[in-house]
Amino acid sequence: ICYIEVGAAGNYYSAADEGIPVSYYSQLKAAGDLGGTVSGYPENYLNINAASTLSIIESMIRQQCAAKGFDAVEPDIDDSYTDSTGFSITEAENERYDQTLGAYAHRLGLAWGQKNGDNDPAFSSALEPSTDFLLTEECNYYRTCPVVTGPYLRARKLVLDAEYTDDWGSNVTADLGKFCAADEAAGIDGTLFTSTLAGQRHPCRS
């Protein structure tokens, strides 16, 4: 699964790192598509209503995901309408943006996911028909699993749940015992990670 940010951008990589003439961040900055700062991160929200943002993110999907042989895309910050972005973005506009990107990924032969969206079941319901899977972070820890996973579970689509040792504790066996039964009963594929995603992962299902 290819991880990309579709609602924000940070100046993390050079053009050489990305294998393109001008980095995506520089392209977005030159187009005037950078907005407010993402809380806690050196990133800026994107004007997802701008045609230039859509074009640049689509090129990222093509160049960094499809061309490198990935099977699917995990689009982070795909619900920026809930944040103070510096732009006027409605829920309906965010849905259209995500759906447009998903359709583009499908044309490239990639599966397309939804990331989180724990606080708005209507948003998940709107995206589910055109989305192949859901990846939610710590819906058990924050007790939001029923809020966001329902549309995908009813459609019998893949639901991935990433829980993190930083919150649950330091005993892997005990931590898995706190949420795996609930995930398995619901049909959710749960896995325990460290928040840095370093080291061994511990899935509920072997």
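Computed from a prediction, not measured in an experiment: that's the story for all the values here.

Enquirer: Looking at this structure, how should I read the sheet that holds strand β10 (residues 202–203)?
Expert: Pairing between the strands of a sheet comes from backbone hydrogen bonds, and it takes one of two forms, parallel or antiparallel. Strand order across the open sheet formed by 7 strands is β1-β5-β6-β7-β8-β9-β10, with mixed pairing between neighbours. The strands lining the two open edges of the sheet, one partner per strand, are β1 (2–5) and β10. With respect to the sheet, helix α6 (residues 145–154) is in contact with β6 (111–115), β7 (133–137) and β8 (158–164), its orientation differing from that of β7 by roughly 155°.

Enquirer: In this structure, what is going on with the nonpolar core? I would like to understand it.
Expert: The tendency in soluble globular proteins is for nonpolar side chains to be buried as a group. Judged by nonpolar contacts, the single largest core of 33 residues is most densely connected at I4, V6, I57, I61, V73, L101 and W112. Elements that contribute at least two residues to this core include exactly β1, α2 (24–30), α3 (51–66), α4 (91–107), α5 (121–127) and α6. Per-element accounting of this core gives the leading share, 5 residues, to α3. Not counting residues up to four positions away in its chain, the partners in contact with I61 are I4, A66, V73, L101, Y104, A105, L108, L110 and W112.

Enquirer: Before we go on, may I ask you to explain the pattern of salt bridges in this structure?
Expert: Evaluated as defined, the whole model comprises 5 salt bridges. Because the salt bridges share partners, they merge into one network encompassing E74, D76, K115 and E137.

Enquirer: How do you make sense of the pairing of strand β9 (residues 189–193) when you look at a structure like this?
Expert: Sheet faces and side chains relate simply in a regular strand, where the side chains alternate between the two faces. Here β8 runs beside β9; their pairing, made up of 5 bridges, is parallel. By the bridge assignment for β9, A162 is matched with T191. Here 2 bridges tie β9 to β10, and the two strands are oriented antiparallel to one another. Bridged to L192 within β10 is H202.

Enquirer: How should I be thinking about α6 in this particular structure?
Expert: Three or four residues apart is the spacing at which side chains of an α-helix point the same way, because the helix has 3.6 residues per turn. Listed in full, the buried residues belonging to α6 are C145, V148, T149, G150, P151 and Y152. Each element contacted by the buried residues of α6 is listed here: β6, α5, β7 and β8.

Enquirer: In this structure, what is going on with the packing of α3 against α4? I would like to understand it.
Expert: In a packed pair of helices, the relevant descriptors are the angle between the two axes and the axis-to-axis distance. Packing of α3 against α4 brings their axes to within 10 Å, and their N-to-C directions diverge by 35°. Seen from above, α3 lies across α4 with right-handed handedness. Along its contact with α3, which presents T53, L54, I57, E58, I61 and R62, the element α4 presents Y97, T100, L101, Y104 and A105. In terms of residue class, the contact of α3 with α4 is made up of 7 nonpolar, 2 polar and 2 charged.

Quick notes on the rules
Residues numbered from 1 in each chain as written. Predicted model: local features only at pLDDT ≥ 70, side-chain atom pairs only at ≥ 80, totals over all residues. Heavy atoms only, no water. Pairing = 2+ DSSP bridges. Helix = DSSP H or I, 4+ residues; strand = E, 2+ residues; numbered from the N terminus. Contact = heavy atoms within 4.5 Å. Axes fitted to C-alpha atoms, helices over the stretch in contact; angles between N-to-C directions. Core = buried A, V, L, I, M, F, W, Y, C linked by side-chain atoms within 4.5 Å. Buried < 20%, exposed > 50% of the residue type's maximum accessible area, 1.4 Å probe, protein only. Salt bridge = Lys/Arg side-chain N within 4 Å of Asp/Glu carboxyl O. Left-handed = near helix turned anticlockwise from the far one by under 90°. Nonpolar A, V, L, I, M, F, W, Y, C, P; charged D, E, K, R; others polar.

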